[in-house]
Amino acid sequence: MKTVCDNVAAEELFLYAINSSTIYQCSIKPLIANYRKKISKNQYDEQKAVKGFENIAKIAAMHYEKEFLLKKYYTVFNAETRREAARFMLEYFEDEIWEG
């Protein structure tokens with residue numbers, strides 16, 4: 001059974017992740033630094049870069065669950081929704097990744 005992306009939930013998760021200073025400082029900023037190193041070594045792969053942001057989307061979903069939800073994060077933010085939020089994050093931080 002394939003999961004269906006909830007675009008509204010994906011956007012909510014994206015906004016939560018980029019506006020959380022804890023998630024930015026502890027997860028996003030180190031990931032961007034890692035991608036900058038990969039670019040300098042010509043090893044950067046955008047398809048693999050989405051995977052890194054998928055991990056951040058999962059972390060953000062867990063934080064969101066603790067703060068707002070009464071049920072498990074994966075019932076609101078299924079895998080496809082988290083993947084879409086990750087794509088939003090990669091697009092949002094693309095300039096920051098390439099400017100380093």
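### Description of the overall build of the chain
- Per the secondary structure count, the chain includes five helices and zero strands.
- Along the chain direction, N to C, the helices and strands of the chain fall in the order α-α-α-α-α.
- The C-alpha atoms of the chain give 14 Å as radius of gyration, which agrees with the globular expectation for 100 residues (13 Å, within 12%).
- Overall size of the chain, expressed as C-alpha extent along the three principal axes, is 45 × 30 × 15 Å.
- Burial statistics for the chain: of 100 residues in total, 40% are counted as buried.
- Across the chain, every contact between residues at least 6 apart in sequence was considered, and the portion connecting residues at least 24 apart equals 75%.
- Counting only carbon and sulfur atoms, one obtains 49% of the accessible surface of the chain, whose full area is about 6,600 Å².
- Charged side chains of the chain number 15 positive and 15 negative; the gap between the two group centres comes to 10 Å.

### What to know about the pattern of salt bridges
- Using the criterion set out here, one finds four salt bridges in the structure.
- Linking Arg 83 and Glu 54 is a salt bridge whose minimum nitrogen-to-oxygen distance equals 3.5 Å. Residue Arg 83 is found in helix α5 (residues 79–99), and its partner Glu 54 is found in helix α3 (residues 46–68); the two are separated by 29 residues along the sequence.
- In this structure, the salt-bridge partner of Glu 84 is Arg 87, at a minimum N-O distance of 2.7 Å. With Glu 84 and Arg 87 both in helix α5 and three residues apart, this pair spans about one turn of that helix.
- Glu 84 sits in the buried class, given a relative accessible area of 18%.
- Judged by relative accessible area, Arg 87 falls into the partly exposed class, the value being 35%.
- When salt bridges that share partners are traced, they join Glu 54, Glu 80, Arg 83, Glu 84 and Arg 87 into one network.

### Re the side chain of Asn 78
- With respect to the helices and strands, Asn 78 occurs in the loop between α4 (73–76) and α5.
- At 2.8 Å, the side chain of Asn 78 forms a polar contact with the backbone nitrogen of Thr 81.
- Sequence-distant contacts of Asn 78, defined by excluding residues within four places in its chain, comprise Thr 3 and Val 4.

The rules behind these values
- Residues numbered from 1 in each chain as written.
- Predicted model: local features only at pLDDT ≥ 70, side-chain atom pairs only at ≥ 80, totals over all residues.
- Heavy atoms only, no water.
- Helix = DSSP H or I, 4+ residues; strand = E, 2+ residues; numbered from the N terminus.
- Rg over C-alpha atoms; globule rule 2.2 N^0.38 Å.
- Buried < 20%, exposed > 50% of the residue type's maximum accessible area, 1.4 Å probe, protein only.
- Contact = heavy atoms within 4.5 Å.
- Areas by Shrake-Rupley, 256 points an atom, 1.4 Å probe, with all protein chains shown as cover.
- Lys, Arg positive; Asp, Glu negative; His and termini not counted.
- Charge placed at Lys NZ, Arg CZ, Asp CG, Glu CD.
- Salt bridge = Lys/Arg side-chain N within 4 Å of Asp/Glu carboxyl O.
- Polar contact = N/O pair within 3.5 Å; in protein donor to acceptor, adjacent residues only side chain to side chain.

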